Amino acid sequence: MSATRAPRAGDAVEAAPAVELTRRLERAARPGGPFHPAALAALDRAEEFPAAGCSVLDDFGLHDYYVPAALGGRLHRLTDVIALLRAVARHDLTTAVAHGKTLLGAASLWVAAGPEQAKEAAAAVLDGAVLSWALTERDHGSDLFASELTATPVPGGLRLDGEKWLINNATRGDRLCVLARTSPEGGARGFSVLLVDKRALPAGSHTPLAKCRTHGIRGADISGIAFHGATVPASALVGAEGTGLETVLKALQLTRTVCTALSLGAADHGLRLAVRFTVERELYGRTLAELPRVRQILGDRAGAMLLAEAVAVLSARSAQTLPGELSAVSALAKAYVPTSTQATLDAFAELLGVRSFLTEAYADGMFPKLERDHRVVGIFDGSTLVNRSSLIEQFGSLVRGWERGWADLDGLGAAAALDRELPEFDPHALRLISSRGCGAVQSLPVVVRACAELAGAGLLPAAVVEAARRLAEAAEPLHEEMAALRPSPGPAPAAAFHLAERYEALYAGAACLWLAVRNPDRLASATADRDPLWHDARWIRAALGRALNGLGAAPGDDAAQACRELGDLLIAAPDAPLTLLDPSAPAAPARGEERENS
């Protein structure tokens, strides 16, 4: 349901690589190809690694986008890699998780490695090396402060002893970024990150732990590694000794933002399956698609999907225009997008009925596989509860920022303007805590006025202005409740998590509004035939209704109407992509295409 207008320069920057990869994936999804549903189903049943699918991604050069441009890669914008991984997840989440793990494994290096170490690691990734992120342990999970694997100084370097478990690509990976205890006392400065090249370790100094059987992503290499006196050189340290937790927390800001790509692609896949089913399935002489209730469900979930995309897009672009806020923004995105997507998949399951459970009755069992696979997205790189806990810890700065109206309007404007170039990706600009809160939320009074101005110019319907005002009005009591919650030792109370969930919906609505006011040309040029999502602010009206619903407010009649219109669009064009960006821009050749044509 994307635009068919002529592409602009900014669209080409973000869309072109994903267009080329999408073309290759569609070719690989034909009968006999590694991304054909029957082939993916067979791999899932056998719990077999998707090696052939990963080869398609290697030939395209997807790993080039895991390396910052400053180090010779093609990662100029975080939105590029999100668009690419979304395209893969649209076909198969297992393959996306298996291949994309190298970016997650390398994130600590881009954040903290010295120049020489970063260059060497970048060259390895560009050459096809697989990196893994060895953070968690069997008895401690996300409690990184409790990690027991040790790195002890010995002549010639550091000796590693202990296990890391439930690690993606722990066995298949060439190198691992390992979080190790370098001080017996632990604490904030008691851990370090080390880059371990398994191929350089002495024989017998490490043992792979068996692949774990999992409910979803069955073919992924979810395994572990045990070190028995493995010696690595002192140069394996990533950054200074004792900075491991700081490095990991900053790297998580990037990986949590990128994880939204997996949910967006899963929602795309689920939508395609659900719409096709409703169009094809006949009951009592008519198709499911003819039932008004079915169209309403599809439209409601389309509105939710577009709101989740707005969160992902603004958050990813903010990583380059507002990096100091990413500790809050990434937690918001990682909590909101997978949770919203899971609700969307649940709604699609109801439409498919029993076929959402059967592994062979419909589309080679792709939907039950998809539903199982997606559940892991809300767990890794910090579960929803972990991310909400992170947000709760920042309530103080969020409340202060709201009360004082702190907002970098230039940074927000650059993040929201989809045809505007971004500053170069700089992971060194990240900060542990967003001392100034969340500008997108704190600028709500400003963006409401901007909506009113656009409405006065005939570019936004009055209903959008009303929804924006209701969103801003809901922000005041929410911040008052957050302010009344006093910090205390121990776990946060349940009420705090409910507040965090409402704040996520508030941020989602703010992201929607910022994208509306910073893309007036898109609103002005959209017609019902060309760019139907932006025409009459259709997606904005529907998405704002979902945001208000998340705040416990009634979406309103106009939002319901916009959702019905989205449902009609989906039925009329069941294979059209549902996205805010424009995927029609011509693709520049990727590295693999250049090799093909040479």
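All of these numbers come straight from a predicted model, not from anything done at the bench.

Caption draft 1: Quick peek at the overall build of the protein. Each helix and strand in the protein was counted, giving 21 helices and 10 strands. Taking 598 residues into account, the globule formula puts the C-alpha radius of gyration at 25 Å, and the protein, at 23 Å, falls close to it. The principal-axis extent of the C-alpha atoms belonging to the protein is close to 70 × 60 × 45 Å. A burial count over the protein gives 60% of its 598 residues as buried.

Caption draft 2: Structural detail: the packing of helix H7 (residues 244-280) against helix H10 (residues 366-374). Their axes nearest at 10 Å, the elements H7 and H10 cross at an angle of 160 degrees. The angle between H7 and H10 places the two elements in the roughly antiparallel class. Note that H7 runs across H10; the crossing there is left-handed. Each of Ser263, Ala266, His269, Gly270 and Leu273 in H7 lies in contact with H10, whose residues at this interface are Met366, Phe367, Leu370 and His374. Broken down by class, the residue content of the contact of H7 with H10 amounts to five nonpolar, four polar and no charged.

Caption draft 3: Expanded view of the pattern of salt bridges. Counted according to the given criterion, the structure contains 30 salt bridges. The partner of glutamate 246 in a salt bridge is arginine 189, with the nearest N and O atoms 3.3 Å apart. Separated by 57 residues along the polypeptide, glutamate 246 in helix H7 and arginine 189 in the loop between strand S4 (175-181) and strand S5 (191-197) bring together distant segments of the chain. Residue glutamate 246 is classed as partly exposed on the basis of its relative accessible area of 23%.

Caption draft 4: Looking closely at the side chain of threonine 579. Structurally, threonine 579 is set in the loop between helix H20 (557-572) and helix H21 (591-597). With relative accessibility at 9%, the residue threonine 579 sits in the buried group. One polar contact links threonine 579 to glutamate 309, side chain to side chain, over a distance of 2.8 Å.

Caption draft 5: Expanded view of the pairing of strand S7 (residues 222-232). Along S7, eight of the 11 residues are buried, which leaves the element largely enclosed by surrounding structure. Relative to S7, strand S6 (residues 206-209) runs antiparallel, the two sharing four bridges. Residue pairing for S7: histidine 206 is matched across the bridge by phenylalanine 227.

Caption draft 6: Representation of the nonpolar core within the structure. Membership of the largest hydrophobic core comes to 178 residues, with the highest contact counts inside it found for Leu109, Leu444, Tyr503, Trp539 and Ile540. When neighbours within four sequence positions are excluded, leucine 109 is seen to be in contact with Gln117, Ala121, Leu131, Cys177, Leu195 and Val238.

Caption draft 7: Spotlight on the confidence of the model for the protein. Per-residue confidence for the protein gives a mean pLDDT of 92; residues scoring 70 or more make up 94%. Here residues 1-15 scores under 50 on pLDDT; set against residues more than four positions off or in separate chains, the count is 52 contacts. pLDDT under 50 marks residues 583-598. Its contacts with residues more than four places away, or in other chains, come to 39 contacts.

Caption draft 8: Expanded view of the packing of aromatic side chains. Tallied over the entire structure, the rule returns three aromatic pairs. Arranged with centres 6.1 Å apart and planes meeting at 10 degrees, the rings of phenylalanine 60 and tyrosine 65 form a pair that is stacked. Geometrically, the ring pair formed by phenylalanine 277 and tyrosine 362 is edge-to-face, given 5.3 Å between the ring centres and 75 degrees between the ring planes. Taken as a pair, phenylalanine 277 in helix H7 and tyrosine 362 in the loop between helix H9 (326-352) and H10 lie far apart in primary sequence, 85 residues in all. The pair phenylalanine 277 / tyrosine 362 is uniform in exposure class, with both members buried. Cation over ring: arginine 172 sits above phenylalanine 49, and NZ or CZ is 3.6 Å from the ring centre.

Caption draft 9: Examining the pairing of S5 more closely. Of all seven residues in S5, six are buried; the element is thus mostly enclosed. Sheet topology places S4 next to S5; seven bridges connect them, and they run antiparallel. For cysteine 177, the partnering residue across the bridge sits in S5 and is leucine 195. Here two bridges tie S5 to strand S8 (residues 237-238), and the two strands are oriented antiparallel to one another.

Caption draft 10: Spotlight on the state of the cysteines. Inspection of the entire model under this criterion finds zero disulfides. With no disulfide of its own, cysteine 259 has cysteine 177 as its nearest cysteine by sulfur position, at a separation of 16 Å. Judged by relative accessible area, which is 2%, cysteine 259 ranks as buried. The thiol of cysteine 563 is unpaired, and the distance to the nearest cysteine sulfur, on cysteine 512, comes to 11 Å.

Caption draft 11: Examining helix H16 (residues 462-484) more closely. With 23 residues, H16 should cover 33 Å at 1.5 Å per step; its first-to-last C-alpha distance of 34 Å lies within 8% of that length. Among the residues of H16, Val464, Val465, Ala467, Ala468, Leu471, Ala472, Ala475, Leu478, His479 and Met482 are the ones counted as buried. In this structure, the buried residues of H16 make contact with helix H12 (395-404), helix H14 (439-442), helix H15 (444-456), helix H17 (494-517) and helix H19 (538-550).

Caption draft 12: Expanded view of the packing of helix H4 (residues 78-89) against helix H5 (residues 93-112). With their axes 8 Å apart at the nearest point, H4 and H5 run at an angle of 150 degrees to one another. Relative to H5, H4 is oriented roughly antiparallel. Between H4 and H5, the contacting residues are Val81, Leu85, Val88 and Ala89 on the first element and Leu93, Thr95, Ala96, Gly100 and Leu103 on the second. Residue composition of the contact of H4 with H5, by class: seven nonpolar, two polar and no charged.

Conventions used here
Residues numbered from 1 in each chain as written. Predicted model: local features only at pLDDT ≥ 70, side-chain atom pairs only at ≥ 80, totals over all residues. Heavy atoms only, no water. Helix = DSSP H or I, 4+ residues; strand = E, 2+ residues; numbered from the N terminus. Rg over C-alpha atoms; globule rule 2.2 N^0.38 Å. Buried < 20%, exposed > 50% of the residue type's maximum accessible area, 1.4 Å probe, protein only. Axes fitted to C-alpha atoms, helices over the stretch in contact; angles between N-to-C directions. Parallel < 35°, antiparallel > 145°, perpendicular 65-115°, else oblique. Left-handed = near helix turned anticlockwise from the far one by under 90°. Contact = heavy atoms within 4.5 Å. Nonpolar A, V, L, I, M, F, W, Y, C, P; charged D, E, K, R; others polar. Salt bridge = Lys/Arg side-chain N within 4 Å of Asp/Glu carboxyl O. Polar contact = N/O pair within 3.5 Å; in protein donor to acceptor, adjacent residues only side chain to side chain. Pairing = 2+ DSSP bridges. Core = buried A, V, L, I, M, F, W, Y, C linked by side-chain atoms within 4.5 Å. pLDDT = per-residue confidence, 0-100. Phe/Tyr/Trp six-rings, centres within 6.5 Å; stacked < 30°, edge-to-face > 60°. Lys NZ or Arg CZ within 6 Å of the ring centre and 35° of its normal. Disulfide = S-S within 2.5 Å. Expected span 1.5 Å × (residues − 1).

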